[in-house]
Amino acid sequence: KICGLTRPEDVAAVAAAGAQYAGFVFFEKSPRNVNIETARGLALEAPVGLAKVALVVDADDAELDAIVGSVPLDMLQLHGSETPERTAAVRRRFGLPVIKALPIATAADLISASEYRETADILLFDAKPPDRPDALPGGNAESFDWTLLADNPPSGEWMLSGGLTASNVAEAIQMSGAHAVDVSSGVERSRGKKDPAMIEAFLKAAQSPPPS
């Protein structure tokens with residue numbers, strides 16, 4: 001999954017490189033934020049087979065109504081402090097599969113994450129945001145101890161996120177046991193600006209065995 005796309009050329013690069021998911025961020029504090037009109041145009045550029053995901057942070061029903069009503073989407077990603085009950089309510093109301101992002105720093109965080117197993121279709125394990133004023137809910141280029149996932153294997157579908165790049169994603173997959181990964185800042189040449197060559201390199205690395 002390549003997240004935080006803001007331009008038509010980003011969507012084209014993601015599709016050409018063979019990603020399965022394209023993510024659009026609806027969060028004003030993010031450098032990757034897009035408005036509904038822009039997101040609609042980007043989603044319409046996506047070829048069949050590339051799943052379109054809207055990332056929101058503690059969005060209310062009115063905001064989600066506006067997004068889902070205008071942008072052709074395949075999934076919603078909840079990247080805030082949504083409870084399991086809120087996650088279930090969003091999935092029920094909008095009839096779309098839901099990815100729930102969960103901040104991880106310790107094994108206890110993984111245990112807590114299991115509360116979402118019945119209410120989200122995919123769990124996304126991201127690094128807990130750093131304690132600084134400019135930190136975002138995600139996309140901070142921070143990683144966590146990937147062996148936590150290997151030592152505490154999650155049930156159901158899940159993705160690994162947080163600080164991934166072309167140079168470390170193969171190792172991250174090997175150490176965590178992940179079958180799917182999510183990247184945003186790790187394929188940017190500058191904050192919020194995706195790079196086609198970096199996207200291609202990341203996806204190639206994610207599908208290659210790690211160096212021995």
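(A) Spatial organisation of the overall build of the protein. Helix and strand counts for the protein stand at eight helices and eight strands. Computed over its C-alpha atoms, the radius of gyration of the protein comes to 16 Å, within 12% of the 17 Å expected for a compact globule of 212 residues. Seen through its C-alpha atoms, the protein measures out along the principal axes to roughly 45 × 40 × 35 Å. Evaluated residue by residue, the protein yields a buried proportion of 50% over its 212 residues. The long-range fraction of contacts in the protein, counting pairs at least 24 apart against all pairs at least 6 apart in sequence, stands at 55%. Each charge sign in the protein was given a centre, from 19 positive and 29 negative side chains, and these centres are 3 Å apart.

(B) Highlighting the sheet that holds strand β5 (residues 122-127). Overall, parallel pairing links the six strands, which are arranged β1-β2-β3-β4-β5-β6 in an open sheet. Edge positions in the sheet fall to β1 (21-26) and β6 (158-160), since each has one partner strand and no second. Direction aside, the axes of adjacent strands within the sheet are offset by 25° on average. Taken together, the three bridges between β5 and β6 define a ladder with parallel strand orientation.

(C) Molecular detail of helix α7 (residues 169-176). Buried within α7 we find V169, A170, A172 and S176. Considered in projection along α7, the buried side chains sweep an arc of 160° and stay on one side of the axis. At its buried positions, α7 is contacted by α6 (147-151), β6 and α8 (196-206). Positive backbone phi, at 80°, marks G177, one or two positions downstream of α7.

(D) Structural context of the environment of F144. For F144, the location among the structural elements is in the loop between β5 and α6. Looking at F144, the relative accessible area reads 9%, which means it is buried. Considering only alpha carbons, one finds F144 and E157, 13 residues apart in sequence, at a separation of 19 Å. Leaving out residues up to four positions away in the same chain, F144 has contacts with I104, F125, D126, A127, L149, L160 and S161.

Calculation notes
- Residues numbered from 1 in each chain as written.
- Predicted model: local features only at pLDDT ≥ 70, side-chain atom pairs only at ≥ 80, totals over all residues.
- Heavy atoms only, no water.
- Helix = DSSP H or I, 4+ residues; strand = E, 2+ residues; numbered from the N terminus.
- Rg over C-alpha atoms; globule rule 2.2 N^0.38 Å.
- Buried < 20%, exposed > 50% of the residue type's maximum accessible area, 1.4 Å probe, protein only.
- Contact = heavy atoms within 4.5 Å.
- Lys, Arg positive; Asp, Glu negative; His and termini not counted.
- Charge placed at Lys NZ, Arg CZ, Asp CG, Glu CD.
- Pairing = 2+ DSSP bridges.
- Axes fitted to C-alpha atoms, helices over the stretch in contact; angles between N-to-C directions.
- Arc of directions from axis to C-beta.

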